[in-house]
Amino acid sequence: MRPDFLPFCRPSISESDIESVVSVLRGGWITTGPVVNQLEELVKARTGAREALVFTSATAAFHCLLVAMGIGPGDEVVTPSMTWVSTPNLIELVGARAVFVDVDRETLMADASAMEAAITSRTRLLVPVHFAGAPVDLEAYRAVARRRGIPLVEDAAHAIGTRYRGVEIGSTGTAIFSLHPIKNITAGEGGVLVTDDAALADRLRRLRFHGLASNAHERSQQGRSPQSEVQEPGFKYNMPDMNAALAVSQMGRLDTFITRREELVGIYRDLLAGVDGIEPVADPAWNHRHSRHLFIVRVIAEKTGMNRSEFMDALKRLNIGTGIHFLAAHTHSWYRQQRPLPSGALANTTWNSERICTLPLFPAMSNADVVSVVDAVKAVLASARAGAQA
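The rules we used
- Residues numbered from 1 in each chain as written.
- Predicted model: local features only at pLDDT ≥ 70, side-chain atom pairs only at ≥ 80, totals over all residues.
- Heavy atoms only, no water.
- Helix = DSSP H or I, 4+ residues; strand = E, 2+ residues; numbered from the N terminus.
- Buried < 20%, exposed > 50% of the residue type's maximum accessible area, 1.4 Å probe, protein only.
- Polar contact = N/O pair within 3.5 Å; in protein donor to acceptor, adjacent residues only side chain to side chain.
- Contact = heavy atoms within 4.5 Å.
- Pairing = 2+ DSSP bridges.
- Axes fitted to C-alpha atoms, helices over the stretch in contact; angles between N-to-C directions.
- Core = buried A, V, L, I, M, F, W, Y, C linked by side-chain atoms within 4.5 Å.
- Expected span 1.5 Å × (residues − 1).
- Arc of directions from axis to C-beta.

**Describing the side chain of N238**
The residue N238 is located in the loop between α8 (216-219) and α9 (241-251) in this model. Of the residues examined, N238 reaches a relative accessible area of 10% and is grouped as buried. A polar contact of 2.7 Å, which involves the side chain of N238, links it to the side chain of T32. Here K236 takes part through its side chain, which lies 2.9 Å from a polar atom of the side chain of N238. Residue contacts for N238: discarding those within four places in its chain leaves T31, T32, T56, R208 and F209.

This is how it looks when you write it as structure tokens:
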């Protein structure tokens, strides 16, 4: 057993990251200011996006987006249930209805044809999810959006640094990244919306800060014009500079982080290849660069002799932390009660939701850490099988 506890994720915070935040704290201006502007410029340079807007979270960005698009009562938004609940929660909170589609059993991402089949006369938005660092088949999704005349917004919370057919996610269209502590880079908390729609970006800037009007020059300065007036009711979703400083510092190491994550996943896959009953989520077939945000396996009880909860508890006793990404949205109690689905609906999503388990993956892990995780997995399974035979 490991002498120390290995969490499933740990932020990669360097001394330079710390000094960047301290510098802002010492500078006397810690709320939204020039460092937020710097982060937005770095994201634009990285992705090739026309516009980038930083928010306190990806959830906040999506909330403002739904309001800006006028989505509300009577409308439907089509999205997978295999996602974090913030997406359907916000759809429901603005008065619309989240329409869930099933995912591929092996990649945990929805096919564009499944999303198209769910479109009705009430559909106002399509929200595919790039999952665990892998991209959906964007060409197919964009073809559906064009053909049906429905906007497409990419849930790219897991996908900063991900590439689809050689192109960075977020380069065109509209996408939302997360900067939560478990993501590949972090601002502590935060999100970034990128878009090539300048008019949408201007409205989102108003909505994220009380609905106040401001111009580009004022946004890059500390403070705002005293003549700024509310153009419409807005929110308070502006990120402080002290948070942005952490993400700015980390942006330059994003590729290094992804490369190391790729190395670790390669070791995992090699060592788990012969472990019966532990099935890693598959990569998609199309050309892509996976950012390896999460390493997820499925625990097959019929082969392992134990269910997921038992598996996770046993690993915890051996000082190995794990997670679940995610309990599918339609399985949460509110959705079961308020938005019940027919028996057998979303079969692949439900099957995976009951079995997925996230194993430790973060850049500071050593190769030996991965070996210790797999050794623990093998020990846990051996014990379960021995107990079943006793």
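**A look at the sheet that holds strand β9 (residues 191-195)**
Each strand in a sheet pairs with its neighbour through backbone hydrogen bonds, running either in the same direction (parallel) or in the opposite one (antiparallel). Reading across the sheet, the four strands line up as β1-β9-β8-β5 and stay open at both edges, with mixed pairing between neighbours. Where the open sheet ends on each side, the last strands, each with one partner, are β1 (51-55) and β5 (153-155). With strand direction ignored, the average angle separating the axes of adjacent strands in the sheet is 20°. Relative to β9, strand β8 (residues 174-178) runs antiparallel, the two sharing five bridges. Within the sheet, the bridge partner assigned to S178 lies in β9 and is G191. The strands touched by helix α2 (residues 34-47) are β1, β8 and β9; relative to β1, the strand with the most contacts, the crossing angle is about 135°.

**Quick notes on the sheet that holds strand β3 (residues 97-101)**
Pairing within the open sheet is parallel, and its three strands lie in the order β3-β2-β4. Both edges of this open sheet fall to β3 and β4 (123-126), since each of them pairs with a single strand only. For this sheet the average axis-to-axis angle between neighbouring strands, irrespective of direction, equals 30°. Alignment of strand β2 (residues 76-80) against β4, held across three bridges, turns out to be parallel. Residue V78 lies in a different strand from β4, and its bridge partner there is L126.

**Some words on the nonpolar core**
A general feature of soluble globular proteins is that nonpolar side chains tend to end up buried together. In this structure, L39, L126, F131, L179, V194 and M239 are the most contacted members of the largest nonpolar core, which totals 61 residues. At six residues, the largest contribution of residues to this core is made by α9. Excluding its chain neighbours within four sequence positions, the residues that come into contact with L39 are V54, L179, M239, A244, A247, V248 and M251. Of all hydrophobic cores here, the second largest spans 33 residues; its members include M69, L90, A201 and Y237.

**Side note on α2**
Taking 1.5 Å as the rise per residue, α2 with 14 residues should run 20 Å; its terminal C-alpha atoms sit 20 Å apart, in good agreement. Taken residue by residue, α2 has V35, V36, L39, E40, V43, R46 and T47 as its buried positions. What you see down the axis of α2 is that its buried residues fit within an arc of 145°, all on one side.

**Observations concerning helix α4 (residues 86-93)**
Here α4 lies mainly inside the structure; six of its eight residues are buried. For α4, the complete set of buried residues consists of S86, T87, P88, L90, I91 and E92. Once α4 ends, the next one or two residues include G95, with phi positive near 95°.

Honestly, that's just the spatial picture; any functional story needs more than this.
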